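Residue strings, one per chain:
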There are 2 protein chains.
Amino acid sequence: MPKGLEHLFNPKSIAVVGVSDKPGKLSGVIMESLAASGFPGTVYPVNPRHTTIGGQRCYQSIEAIGAEIDLAVLAVPASEVVPVLRNAGSTVKSAIVISGGFAESGAKGVAVEKELSEIARKGHLRIIGPNCMGIFDTVSKVDTFFIPGDRIRRPAKGGLSIISQSGSFAATALDELASEGIGVARVISYGNMSDVNESDCLDFLAEDVHTAAVALYIESVADGRRFVEAASRCSSKKPVIAVKVGRRDAGVSAARSHTGALAGRYEAYKAAFRKAGVIELDGYEEFMGGCKAFGRGISARGNRVAIITDGGGVGVNLADLCESAGLDVVPVSEDIRERLVSVFPPYFSIGNPMDLTGSATDDMFADALDAALSGDSFDIVIAAVLWGPPGLTDDLPEMLAQKAMLSGSKPVLVCTPGGDFARGRDAIFRRHGQTVFATPEGAVRAASILARSAGMKARRIKKDG
Amino acid sequence: MPKGLEHLFNPKSIAVVGVSDKPGKLSGVIMESLAASGFPGTVYPVNPRHTTIGGQRCYQSIEAIGAEIDLAVLAVPASEVVPVLRNAGSTVKSAIVISGGFAESGAKGVAVEKELSEIARKGHLRIIGPNCMGIFDTVSKVDTFFIPGDRIRRPAKGGLSIISQSGSFAATALDELASEGIGVARVISYGNMSDVNESDCLDFLAEDVHTAAVALYIESVADGRRFVEAASRCSSKKPVIAVKVGRRDAGVSAARSHTGALAGRYEAYKAAFRKAGVIELDGYEEFMGGCKAFGRGISARGNRVAIITDGGGVGVNLADLCESAGLDVVPVSEDIRERLVSVFPPYFSIGNPMDLTGSATDDMFADALDAALSGDSFDIVIAAVLWGPPGLTDDLPEMLAQKAMLSGSKPVLVCTPGGDFARGRDAIFRRHGQTVFATPEGAVRAASILARSAGMKARRIKKDG
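Criteria and cut-off values
- Counting restarts for each chain, with residues numbered from 1 along the sequence as it is written.
- Here chains are named by letter from A upward and ligands by number from 1 upward, in the order in which they appear as written.
- The model is predicted, so local features are restricted to residues of pLDDT at least 70 and side-chain atom pairs to those at 80 or more, both for listing and for counting; the totals for chains, interfaces and linings are taken over all residues.
- With hydrogens and water set aside, each side-chain value is computed from the structure's full complement of heavy atoms.
- Numbering of helices and strands runs from the N terminus, with a helix taken as a DSSP run of H or I at least four residues long and a strand as a DSSP run of E at least two residues long.
- We compute the radius of gyration over the C-alpha atoms and compare it with the globule rule, which gives 2.2 Å times the number of residues raised to the power 0.38.
- Three exposure classes are used, based on accessible area relative to the maximum for each residue type with a 1.4 Å probe and protein chains only: buried under 20%, partly exposed in between, and exposed over 50%.
- Superposition of the copies used a least-squares fit over C-alpha atoms from residues whose pLDDT is at least 70 in both.
- Any two residues whose heavy atoms approach within 4.5 Å are treated as being in contact.
- By convention, the term buried area covers the 1.4 Å-probe accessible surface removed from two parts as they join, with the contributions of both added.
- Criterion for a salt bridge: a side-chain nitrogen of Lys or Arg within 4 Å of a carboxyl oxygen of Asp or Glu.

In this section: the overall build of chain A. Check the secondary structure of chain A and you find 17 helices and 18 strands. In terms of overall dimensions, chain A is globule-like: its C-alpha atoms have a radius of gyration of 25 Å, near the 23 Å expected for 465 residues. The principal-axis extents of the C-alpha atoms in chain A amount to approximately 80 × 50 × 40 Å. By residue count, 63% of the 465 residues in chain A fall in the buried class.

Rotating chain A by 180° and translating it 0.0 Å along the rotation axis places it on chain B, where the RMSD comes to 0.0 Å. Here the copies are linked by what is in effect a two-fold axis. Most of the interface of chain A is mirrored in chain B, where 100% of its interface residues again form contacts.

Taken together, the contact pairs 62 residues of chain A with 62 residues of chain B. Summing both partners gives a buried area of about 4,500 Å² for chain A against chain B, and 54% of it is carried by carbon and sulfur. The interface formed by chain A and chain B holds six salt bridges in total. Between Glu285(B) and Arg445(A) there is a salt bridge, with its nearest N and O atoms 2.9 Å apart.

A word on the pattern of salt bridges. A full pass over the atoms with the stated rule returns 54 salt bridges over all chains. Ionic pairing is found between Arg339(A) and Asp370(A), a salt bridge with its closest N-O pair at 2.9 Å. Residue Arg339(A) is located in helix α13 (residues 334–341), and its partner Asp370(A) is located in helix α14 (residues 362–373); the two are separated by 31 residues in the primary sequence. With relative accessibility at 38%, the residue Arg339(A) sits in the partly exposed group. Given the relative accessible area of 26%, Asp370(A) is considered partly exposed. The closest approach of N and O atoms between Lys122(B) and Glu118(B), which form a salt bridge, is 3.5 Å. With Lys122(B) and Glu118(B) both in helix α4 (residues 107–123), this residue pair falls four residues apart, about one helical turn. Connected through salt bridges with shared partners, the residues Arg126(A), Asp195(A), Asp200(A), Asp203(A), Arg226(A) and Arg233(A) form a single ionic network.

Have a look at this one:
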């Protein structure tokens, strides 16, 4: 583990500095979140203007607590951050600085942020932030994301970890993952990186037994060479996906005013991702597609896709989209064809895509999936369910889930385009552990990410062997 | 209007052939749909095996009705289609053949479909289909889509018309549009085009006063030159968007077994679209994006986009996505900057994107939108609302809608990425007439389509002037 990070990811004691008795204040939300997440250590509220907060003793300062503090969470005005940490001295082992108003806000902020970096270096404490949301961690049960759970739902425990320079991007992804029923391990919003940066986090997550896959959102990296090293180490152990924003003119200047990031030449990032075995994503939709796939622990062995649908037009569109995304819509084998021709009506189109038409039933869909998953013809199955046919019922999700489970490890990606009825069915698919998307494109994006991950693994094995 | 089409789009009498008393049968659903949609003409059930259907007199044949029939809807086995129409003779003015089992199913089907074409030609009646869902029409109140309304919701009356070779694609789009609260005029699923094809429909919709925009889904066109002529005429009067599926190897063969379409060289289609002023779309997501934008009657004057958000990371990503999509993320003018600097906190980033940060309130968001809509700096505004900030409430959708309305015709595209809370807010935005998307990419797709439409208009004016 990188030096000092254990205090951030496994603290026994947390001081929340800047706690107020006014409802809705950031630090108050953090106190509530730590209680709600079941953090097992001790939490100390700190504010010189209060002696009690919600019936609990409130400390005048960190040093007034009189105990070592593994993690100090600072939600105080920018000007108070450096004094608070200076006064605390060696009492504090690590800090998360939520506060904004640093490098992202101009020359004066840059100077204060430099002081913060100095404190980290000289004081040998690790600092996440400033201008960040900090950590949401289902392992250590730390939650410094300062948005109430009714606005941003917290996911359950899972194997996906997220490293994000943007707090709101991370929070939005968290909320969507929670609504999708997908769990996470560690989520780190690191903001302006006065100290801890994306490479520190990658080093940590590479060794973290709770993390099975890593998703990155970056505007800039602190040190290109170190990033390639850290990302390479991590990607040799688990899939790493990344979206780099601030690519061209408008995005670059937007990134500067967002986290003070010097976004740099996009081409250099593309090359670094390639070299480091990182799967590059285009934006929010691909980011969520990758999070949904890897968050469910799915992986594929290659890029051969079978398309099963009851909607011919959507099937043709899926074939196009797959080809554009570099997926291989290979013909069905003779074995599969013979097996299905004997049981299906003559007007079904037993090819790839497999079009079960408006006469489709739950059983037929399940039979087609079973056939596509058998043998070694395909690496990924996309099942596009349109809910028009009366023969398709609410039993279908469970039936498909059972076939997928029996077949072992081949990923089945479901898409159910349409309106309210289709959206209602999504929940049933999810309840049965299925990965479901609202559009054909959603399923193809996830399939493409899985195939690219398989391709990288194959190249790595070839290189190492 | 193209010859004979008035019977299809304004029938006074409809015979539904093949009506059964078994619940769930296609023809029964069509009878129910015609009743539910409030079709004001006479509907005659026809089936030689029944004398009454649901208490209503059932006729042995079309000719037994003893009256002229504007539209016969056939949901009978493929082998019975030609005899039914032959026997009816000149009693029938037009027909929709729902039945499948024609050119899409092999050599024998191709032969029967040829007979059907002959009947249309010699009998001077117009035939839609076979292998289609027919017409859903909020003007004539004809609804032959044979899927019950609980599975596929029917949209209200609106200005968007859809021409689709695929029935399930059209039905799925209808369902999504209905759930989004977007209305339609005429929706035509024309299937195998034994007679009526996409160009006939384009000719009709070009002149149709109820149609303000046209969306096309095609696998193949009957006659390339005629398509370019018809599409050019139509696009000179109203926006025409189109998705062509069956592009490369896998898609082409899939299209053949779907509607018997010879999908042809994709490059030829691209050229035809360009020549005809048709905006080409990539697939389902772009198709829905275009339908949502034009279905709300939105248009833009150019490609200059303003991005307003409270989520910095999503703002940077939006700037990237806009640039990739050919949109121009121009800097904010000095006027707008001065106006906002005086009222906003100093840590807001007043640029493009405009980042209102986690301190955003409803009023600030509305002020920022008002400024972006003022003057002539921008053609389109994308408002990306992340629901973390406590200052953003359920009042925001109405406040933004009011600013958008006051400003006149500039389109405001809202996106609200996230989970259940965000999805719940979508409904409020829609209730206030706003066009809302679940992802940043969704809004950018719609913006790009509007900008391309504006570009085509500008080129046309230049050419004609």
